[in-house]
Amino acid sequence: MKRILAVLAALILAVFALTACSDNNSDSSDNDSADHDGMAMTSMTMTSKPTSMSMPSMPLGMSTPGASSMGIVISGFEYSTPESVMPGQVLTIQNNDTVEHSVTSDTAGLFNEDIEAGETETITVPNEPGTYTFHCTYHPSMHGTLTVK
């Protein structure tokens, strides 16, 4: 008896799966309540839903004229930085890698932010114009430069 129920359940699931995968692109007048081999057929309208979330299009940091509209982006164990930033600007850091990184000023105490994989953090850039180098404390080969104008 259990075997018969299992076969019947599998048959019902197969029918539902085939119905869900059928081609619904033909004209609805051909499918609605049409009689095929003595069986009444009805068409089903299926709507697709996105399988992933998309990120809104917005800049990651403030920009200055002539500067990139992005903040610091970490990808492929490299930093991408804007051409220049404004003194005291709050700058967004996006870590697109699958490991944690940091944005740590080479000058002690200016800024030091750890960014988990796939996460976003912010730093406040120095108030004094100049060129500021930074590195990743986890990956010594990673270096970047911020130009404050």
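Asks: Before we go on, may I ask you to explain the overall build of the protein in this structure?
Replies: Of the regular secondary structure elements, the protein holds two helices and ten strands. Shown N-terminal to C-terminal, the secondary structure of the protein runs as helices and strands in the order α-α-β-β-β-β-β-β-β-β-β-β. Across the 149 residues of the protein, 26% fall into the buried class. Sequence separation of at least 24 residues holds for 43% of the intrachain contacts in the protein that already meet a minimum separation of 6. Looking at the protein as shown, the accessible area adds up to about 10400 Å², and 58% of this sits on carbon and sulfur atoms.

Asks: How should the sheet that holds strand β4 (residues 78-80) be read in this particular structure?
Replies: The mixed open sheet is built from four strands, whose spatial order is β4-β3-β5-β8. The sheet terminates laterally at β4 and β8 (120-124), the two strands that pair on one side only. With direction set aside, neighbouring strand axes in the sheet form an average angle of 25 degrees. As paired strands, strand β3 (residues 72-75) and β4 are joined by three bridges and run antiparallel to one another. Its bridge partner lying in β4, V73 is registered against S80.

Asks: Can you walk me through the packing of aromatic side chains in this structure?
Replies: The description of an aromatic ring pair uses the distance of the two centres, along with the angle that the planes make with each other. Scanning the model with the defined rule gives two aromatic pairs in all. Taken together, a centroid distance of 4.7 Å and an interplanar angle of 75 degrees make the contact between Y79 and F134 edge-to-face. Placement of Y79 in strand β4 and of F134 in strand β9 (residues 130-135) is noted, with a sequence separation of 55 residues between them. Grouping residues by exposure puts Y79 and F134 together as buried. One aromatic cluster is present, formed by Y79, F111 and F134 through successive ring pairs.

Asks: I'm lost on unusual backbone geometry in this one. Help?
Replies: Across the chain, the bulk of peptide bonds are trans and the bulk of non-glycine residues have phi less than zero. With phi around 60 degrees, F77 is a residue other than glycine that occupies positive phi space. Within the fold, F77 resides in the loop between β3 and β4.

Asks: Quick question: what am I supposed to make of the pairing of β3 here?
Replies: Look at any regular strand and the pattern is simple: side chains alternate between the two faces of the sheet. Two elements, β3 and strand β5 (residues 90-95), share three bridges in a ladder whose sense is parallel. The residue of β5 that forms the bridge with I72 is I93.

Asks: Sorry if this is basic, but what is going on with the pairing of β5 here?
Replies: Counting buried residues along β5, five of its six residues qualify, which places the element largely inside the surrounding structure. With five bridges joining them, β5 and β8 adopt antiparallel strand pairing. By the bridge assignment, T92 is partnered in β8 with T122.

Asks: Looking at this structure, I do not really get the sheet that holds strand β7 (residues 112-115). What am I missing?
Replies: Hydrogen bonds between backbone atoms are what pair the strands of a sheet, whose relative direction is either parallel or antiparallel. Strand order across the open sheet formed by four strands is β7-β6-β9-β10, with antiparallel pairing between neighbours. If you trace the sheet from one side to the other, it starts and ends with β7 and β10 (143-148), each paired once. Between one strand axis and the next, the sheet turns through 25 degrees on average, direction left out of account. Sheet analysis places β9 next to β10, joined by six bridges and oriented antiparallel. By the bridge assignment, T131 is partnered in β10 with T147.

Asks: Would you explain the environment of T92 in this entry?
Replies: If you trace the backbone, T92 turns up in strand β5. Taking the C-alpha atoms as reference, T92 lies 6.9 Å from T120; in sequence the two are 28 residues apart.

Asks: Would you explain the environment of V148 in this entry?
Replies: Among the secondary structure elements, V148 is positioned in strand β10. Along the primary structure V148 and N127 are separated by 21 residues, whereas in three dimensions their C-alpha atoms are 8.1 Å apart.

Cut-offs applied
Residues numbered from 1 in each chain as written. Predicted model: local features only at pLDDT ≥ 70, side-chain atom pairs only at ≥ 80, totals over all residues. Heavy atoms only, no water. Helix = DSSP H or I, 4+ residues; strand = E, 2+ residues; numbered from the N terminus. Buried < 20%, exposed > 50% of the residue type's maximum accessible area, 1.4 Å probe, protein only. Contact = heavy atoms within 4.5 Å. Areas by Shrake-Rupley, 256 points an atom, 1.4 Å probe, with all protein chains shown as cover. Pairing = 2+ DSSP bridges. Axes fitted to C-alpha atoms, helices over the stretch in contact; angles between N-to-C directions. Phe/Tyr/Trp six-rings, centres within 6.5 Å; stacked < 30°, edge-to-face > 60°.

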